[in-house]
Amino acid sequence: MIGLVPAGTRVWLAAGVTDMRKGMDGLAGLAQMALREDPFSGHVFAFRGRRGDLVKLLWFDGDGLCLFTKRLERGRFVWPQADRGSVALSAAQLSMLLEGIDWRRPKRTQRPELAA
């Protein structure tokens, strides 16, 4: 899915928890009303359930709305602490989030000190 999103596409995380029983229409309504964004803009909107192990992504690809769901078998998706609003992520941060990595503070590998 990440490879299909055109460059320059913004990724919006909906802060707080979302009722994961919502489908495309309900999540599009949340994007429009709660986040004050156009769900048909081509941006990606991410929503997380109460337990934290389920995330849904909503994306308009130009032809129609797409709904992607991922559940982690172990661990939780890292999410902002705020109760409402949104956070913008890069495509790389979204990729880390979907892998269960803490996208807020990714750890870099050890920097070499000697060239030889």
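That block above? That's the structure.
This one's a predicted model, so the numbers in the text were calculated from it and none came from an experiment.

Enquirer: What exactly am I supposed to notice about the sheet that holds strand β2 (residues 44-48) here?
Expert: In a beta sheet, neighbouring strands are held together by backbone hydrogen bonds and run either parallel or antiparallel to one another. Pairing is mixed across the open sheet formed by 5 strands, whose spatial order is β4-β3-β2-β1-β5. Each having just a single partner strand, β4 (65-71) and β5 (86-89) make up the two edges of the open sheet. Each strand axis lies, on average, 25° off the axis of its neighbour in the sheet, ignoring direction. As paired elements, strand β1 (residues 11-14) and β5 share 4 bridges and run antiparallel to each other. Among the inter-strand pairings, W12 is bridged to a residue of β5, identified as A88.

Enquirer: What's the story with helix α2 (residues 91-98) in this structure? I'm lost.
Expert: Along α2, the residues classified as buried are L94, M96, L97 and L98. Each element contacted by the buried residues of α2 is listed here: β1, β2, β3 (54-60), β4 and β5. Count one or two residues on from α2 and you reach G100, which has phi positive near 85°.

Enquirer: When you look at the pattern of salt bridges in this model, what are you seeing that I'm missing?
Expert: Following the criterion strictly, the structure yields 3 salt bridges and no others. When the shortest N-O distance is used, the salt bridge between D53 and R51 registers 3.1 Å. According to the relative accessible area criterion, D53 is buried, its value standing at 9%. For R51, a relative accessible area of 59% gives the class exposed. We note a salt bridge from E73 to R71, for which the minimum N-O separation is 2.9 Å. For the residue pair E73 and R71, the accessibility class agrees, reading exposed in each case.

Enquirer: How do you make sense of the side chain of R48 when you look at a structure like this?
Expert: Looking at the secondary structure, you find R48 in strand β2. At a separation of 2.7 Å, a polar atom in the side chain of R48 contacts the main-chain carbonyl oxygen of F77. Contact partners of R48, with chain neighbours within four places excluded, come to G16, V17, T18, M20, L54, V55, F77 and W79.

Enquirer: How do you make sense of unusual backbone geometry when you look at a structure like this?
Expert: With glycine set apart, most residues show a phi of negative sign, and most peptide bonds adopt trans. For R36, which is not glycine, the phi dihedral falls at a positive 60°. The topology assignment puts R36 in the loop between α1 (24-33) and β2.

Enquirer: Help me understand the pairing of β4 in this model?
Expert: The side chains of a regular strand alternate between both faces of the sheet. Of the pairings in the sheet, the one linking β3 to β4 comprises 7 bridges and is antiparallel in character. In the sheet register, L57 faces β4, and the bridge partner there is F68. Adjacent in sequence and paired antiparallel, β3 and β4 are bridged by 4 residues, among which G62 carries a positive phi angle near 105°.

Enquirer: I'm lost on the nonpolar core in this one. Help?
Expert: One recurring pattern in soluble globular proteins: nonpolar side chains tend to sit buried together. Of all hydrophobic cores here, the largest spans 18 residues; its most connected members are L13, V55, L57, W79, L94, L97 and W103. With 4 residues, the top contributor of residues to this core is α2. Once residues lying within four places of it in the same chain are set aside, the contact partners of L97 are L13, F77, V78, W79, L89 and W103. Formed by 11 residues, the second largest nonpolar core is a distinct cluster that contains A14, M20, L27 and F45.

Conventions and cut-offs
- Residues numbered from 1 in each chain as written.
- Predicted model: local features only at pLDDT ≥ 70, side-chain atom pairs only at ≥ 80, totals over all residues.
- Heavy atoms only, no water.
- Pairing = 2+ DSSP bridges.
- Helix = DSSP H or I, 4+ residues; strand = E, 2+ residues; numbered from the N terminus.
- Axes fitted to C-alpha atoms, helices over the stretch in contact; angles between N-to-C directions.
- Buried < 20%, exposed > 50% of the residue type's maximum accessible area, 1.4 Å probe, protein only.
- Contact = heavy atoms within 4.5 Å.
- Salt bridge = Lys/Arg side-chain N within 4 Å of Asp/Glu carboxyl O.
- Polar contact = N/O pair within 3.5 Å; in protein donor to acceptor, adjacent residues only side chain to side chain.
- Core = buried A, V, L, I, M, F, W, Y, C linked by side-chain atoms within 4.5 Å.

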